[in-house]
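Structural overview
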Amino acid sequence: MSAEQAHPIPASIAPAAQRVKEAARAACERTVESLSLAAMSSSNVHQRDGLMAAQFELHRKSAVFALTFNEALDDRLRRDFRPRSGATVSTSWGALSLVDDREHEVQIAAERFGLEVGHSCEWELRELEGFMGPLFASAGHARTDQDRNPLRPESVGYAVIRAIESVTDRADVRKVLEAEFARTLSATMPATYAAVAADLSASGLKAAGMGYRASEGSGHDNGRIGGLTGPGALGQGGPASGRGGDPGPTTGGRGSGLGAFGDSQRSGMGQRGGGRGAPMGRVDAELMALMRRLTAFSGGDGGGGGGGSPRRPGDLAPYDSGTAAFEEYTEDGLRLAAPNLIRAHRDELRQVSHGALDHMVIDVIGSLFDQILSDPKVPPQMARQIGRLQLPVLRTALGDASFFSSRKHPVRRFINRIASLASAFEDIDDEDGREFLKLVRELVQEIVDGDFDQIEVYEQKLLVLESFVAEQARREAKEKGDAPALLAEKEGDLRVQRRYAQLLDAALRPLPAPEFVRDFLSQMWSQVLLKAARVDAADGARVKRMRHAARELFMSVQPKGEPTQRKAFLLQLPRLMQELNEGMDLIGWPDTAKKTFFGLLLPAHAQSLRGEGLSTLDFNLLARQVDAAFETPVPQVADLLPGIDLPVLTEEAVLPRFSAEEAQRIGLVDEAAFDWDGTVDIDIGAETPITEVDIAIEGLPAPEPVEAMQGESLAENVQIGFAYQMHLEGEWQKVRLNHVSPGRTFFVFTRGKRHKQAISLTHRMLVRLCESKRLRAFESAYLLERATARARRQLSALSPALA
């Protein structure tokens, strides 16, 4: 028995540990659900596959996850409660083994995980840590350091990392699960820690009194909070009044009611937290209070303050677009849709912020909103709503360095998404546009009035926004016809066809035959059998003839050494050719493909008449095996798993077949209608694609590459509700994506203002249009990227004058 196992977990901590274990199990269930939702809403094929793989593994091994988490957490608790003095040193050879690199990696990952989760439950942890001294004392321990909190987020993170290892050995899947669990536990652990503290208090345990401890490595008190916090940690004004309370006076420069940052923590934004699913880093309470006061004076349509000289917050008057005309311009003469609060109150914001980096960020965000509020592609009504997010965005940029580097940051995605969706409307004042604008106004109001320093707020609003847009697009697609239902039926047929082809290929693969014959029978003739079964019946005469043709074709290329076999082949050859042509005509196989196939079949027939043939017994046995292969039952759509066996429409042989009436009804674009060898007229009004738009600030992470807005990669990133430019009927037309089939096999666009017309594309057609640059995004880049590019151009134009 190891030394750690020899010391059981104290009874006083066992109920608290059980609460953490229950929280982990609940987080596992929520993570399975969130991964499924994320996979369905993902527009990237590779990302969707990774999310689905993670969801599948976690759902399949959820019991293993819970068991491993419990064991790992118990091991951590035993280690923390192991006596520090007088302990017996193990002399076993196992105790002398070195810690491998993987253990170091797990420890680092656990610390990182603990930091992400700890940001969201800082106050609950402080309350819980007050019980740790008496708890250790009751267990016979004298140490009460903060790092001995046995239920600290790092210990939970260590157990989560170990549990994820037991679920999968794929590094990419582990990475997805770690990020998703960090997001889920960040939302659930505050309540868990609060419940643990309440349980300890109800059991009669009293929290230790608060004491003051100066910052380590500093000659003065800068308000750093140690393991036991007290009035000195929050400034000389006494203890904090709670989350978001009024700060007391600071001493040493930076103590505050939100918890002070040491100088090392404030020296670089790269250490301020952030990332997907994690709360943003903290900012000084005085700056946060000013931002909230400025935000509170934003009017319903996005204003507050005004241009000119900065005013005190108490002098602000809300801007109302319905009662007063607003005129404010950027330095290059563009009119703003709403006041730029950051520029108007720049001096006040700089006074309550600290450091040159914060001042630079304030100026950068102010310049960006100059460009955002004057962007010509964003309707003024939507620009005013975005203008109400100026201070929340500034708070994000000051507290989370990933805002500048990550294009998938929830705040950036939220702003870019509402701007892109708004620009897709032909007229935002129509019924659908007003409905969308009303939703955005409500979401922005909830952000402004709520706790906008939490990343989860923006993620939740994004989900609401995307669900609304999907439902609105679905409703519009149904109103314009039955294209979604028809395309869903065609996609179901394609899935059945693909699965049936896979089953036939698996059955024929072990049997001897030329490769082109097996491919023809599994890939093409499977379509003939399915079409014949739909036209007549599963046991109809046509189906029997087509199965007979498949058997005879397979046997016709087998070597025939006996005269009777050659004679039988020559007698049945005319009928075989007749049945093959009948099947090809049934599915409309192209003439060029027919010629290619028969060009390979005739030499194979000639070769089969030469050389040593099969014995009669072997010949008959092979014929029975072929018959058995084509007796494979046809799968049903209901039997296929979602997302599995989806066809990739990259070849003409697997394109769906539509009647002329069906194609006209859904506006299906025919490939033959395009001159693929011809050139495309240049769109004079198109903007130049933006390749590098991020502002490089020293001390911040390097920005991610710009997303492609045209070219082949655009086909995998089109999104419902977004606008695109399509070169159709000899001219560029603005279209809006309204429907994507579940397997991304079909895409339905609409064009027109009042009398909207549907335009349906297969995946193959969409890819060809993107490759030939006949389809591109309506925007040259997303709103924030466009604003950054314009700010850069303005700065470069001013540089010579300043020199």
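Residues numbered from 1 in each chain as written. Predicted model: local features only at pLDDT ≥ 70, side-chain atom pairs only at ≥ 80, totals over all residues. Heavy atoms only, no water.

The next point concerns the overall build of the chain. Helix and strand counts for the chain stand at 28 helices and 5 strands. The burial tally for the chain puts 51% of its 803 residues in the buried class. Counting contacts in the chain only where the partners sit at least 6 residues apart, residues at least 24 apart contribute 73% of the total. When the accessible surface of the chain is summed, it comes to about 37700 Å², and 53% of that surface belongs to carbon and sulfur atoms. (Helix = DSSP H or I, 4+ residues; strand = E, 2+ residues; numbered from the N terminus. Buried < 20%, exposed > 50% of the residue type's maximum accessible area, 1.4 Å probe, protein only. Contact = heavy atoms within 4.5 Å. Areas by Shrake-Rupley, 256 points an atom, 1.4 Å probe, with all protein chains shown as cover.)

Glancing now at the side chain of arginine 774. For arginine 774, the location among the structural elements is in the loop between helix 27 (763-771) and strand 5 (775-777). Within polar-contact distance, the side chain of arginine 774 engages the side chain of serine 772 at 3.0 Å. (Polar contact = N/O pair within 3.5 Å; in protein donor to acceptor, adjacent residues only side chain to side chain.)

With the rule as written, the count across this model stands at 32 salt bridges. Between arginine 78 and aspartate 75 there is a salt bridge whose closest N-O contact spans 2.9 Å. With arginine 78 and aspartate 75 both in helix 3 (residues 62-80) and 3 residues apart, this pair spans about one turn of that helix. For aspartate 75, a relative accessible area of 36% translates into the label partly exposed. Ionic pairing is found between glutamate 785 and arginine 412, a salt bridge with its closest N-O pair at 2.9 Å. Here glutamate 785, found in helix 28 (residues 783-802), pairs with arginine 412, found in helix 17 (residues 410-423); they are 373 residues apart in sequence, far enough to count as distant. Taking relative accessible area as the criterion, arginine 412 reaches 4% and is therefore assigned buried. (Salt bridge = Lys/Arg side-chain N within 4 Å of Asp/Glu carboxyl O.)

Buried residues dominate helix 14 (residues 380-387), accounting for 7 of its 8 residues. Those residues of helix 14 that sit buried are Gln381, Met382, Ala383, Arg384, Gln385, Ile386 and Gly387.

This brings us to the packing of helix 18 (residues 431-449) against helix 19 (residues 455-479). Here helix 18 crosses helix 19 at 170°, and the two axes come no closer than 11 Å. Judged by the angle between their axes, helix 18 and helix 19 are roughly antiparallel. Counting all contacts with helix 18, which are made through Asp432, Glu435, Phe436, Leu439, Val440, Leu443, Glu446 and Ile447, the residues of helix 19 involved are Val457, Tyr458, Lys461, Val464, Leu465, Phe468, Val469, Gln472, Arg475 and Glu476. Within the contact of helix 18 with helix 19, the residues separate by chemical class into 11 nonpolar, 1 polar and 6 charged. (Axes fitted to C-alpha atoms, helices over the stretch in contact; angles between N-to-C directions. Parallel < 35°, antiparallel > 145°, perpendicular 65-115°, else oblique. Nonpolar A, V, L, I, M, F, W, Y, C, P; charged D, E, K, R; others polar.)

Locating histidine 354 in the fold gives a position in the loop between helix 12 (346-352) and helix 13 (355-372). Considered as a pair, histidine 354 and leucine 287 are 67 residues apart in the sequence and their alpha carbons are 9.4 Å apart.

Any two packed helices are characterised by the angle at which their axes cross and by the distance between the axes. Where helix 21 (residues 515-535) meets helix 22 (residues 541-556), the closest approach of the two axes is 9 Å, and the angle between their N-to-C directions is 170°. Taken together, the axes of helix 21 and helix 22 are roughly antiparallel relative to one another. Along the contact surface, helix 21 presents Val517, Arg518, Phe520, Leu521, Trp525, Val528, Leu529, Ala532, Ala533 and Val535, while helix 22 presents Arg542, Val543, Met546, Arg547, Ala549, Ala550, Leu553 and Phe554.

With that settled, consider the confidence of the model for the chain. On average, residues of the chain score 74 in pLDDT, and 72% of them reach the 70 mark or higher. No element of the chain has a lower mean pLDDT than helix 9 (residues 263-266), at 33, and none a higher one than helix 17, at 91. Between residues 142-147, whose pLDDT stays under 50, and residues either more than four places distant or in other chains, the model counts 8 contacts. This stretch, residues 799-803, has a pLDDT under 50; its non-local contacts, to residues over four places away or in other chains, come to 0 contacts. (pLDDT = per-residue confidence, 0-100.)

Strand order across the open sheet formed by 5 strands is 4-3-2-1-5, with antiparallel pairing between neighbours. Strand pairing shows two members of the sheet lacking a second neighbour, strand 4 (757-762) and strand 5, which therefore form its edges. Put simply, the sheet's adjacent strands are angled 40° from each other on average, direction ignored. Inspection of the sheet shows strand 2 (residues 731-740) paired to strand 3 (residues 746-751) by 4 bridges, in the antiparallel sense. The residue bridging histidine 739 from the neighbouring strand is valine 748, located in strand 3. Strands in contact with helix 20 (residues 483-508) are strand 2, strand 3 and strand 4; relative to strand 3, the strand with the most contacts, it is inclined by about 160°. (Pairing = 2+ DSSP bridges.)

With that settled, the discussion passes to the environment of glutamate 446. As for its position among the elements, glutamate 446 is in helix 18. Each C-alpha atom of the pair glutamate 446 and lysine 461 lies 9.0 Å from the other, and the pair is 15 residues apart in sequence. Reaching out from glutamate 446, the side chain makes a polar contact with the side chain of lysine 461 at a distance of 2.5 Å.

The next point concerns the pairing of strand 3. For strand 3, the buried fraction is high: 6 of the 6 residues fall into the buried class. For strand 3 and strand 4, the ladder comprises 6 bridges, and the chain directions are antiparallel. Bridge assignment links phenylalanine 749 to a residue of strand 4, and that residue is isoleucine 759.

The relation between two aromatic rings is expressed through the spacing of the ring centres and the mutual angle of the planes. Counted according to the given criterion, the structure contains 12 aromatic pairs. Centre to centre, the rings of tyrosine 724 and phenylalanine 749 are 6.1 Å apart; their planes meet at 90°, and the pair counts as edge-to-face. With tyrosine 724 in strand 1 (residues 723-728) and phenylalanine 749 in strand 3, this residue pair connects regions lying 25 residues apart in the sequence. You'll find tyrosine 724 and phenylalanine 749 in the same group, each marked buried. Three or more aromatic residues joined by ring pairs form one cluster here, namely Phe516, Phe520, Trp525, Trp589, Phe597 and Phe598. Lying across the ring of phenylalanine 778, lysine 734 places its NZ or CZ 4.4 Å from the centre. (Phe/Tyr/Trp six-rings, centres within 6.5 Å; stacked < 30°, edge-to-face > 60°. Lys NZ or Arg CZ within 6 Å of the ring centre and 35° of its normal.)

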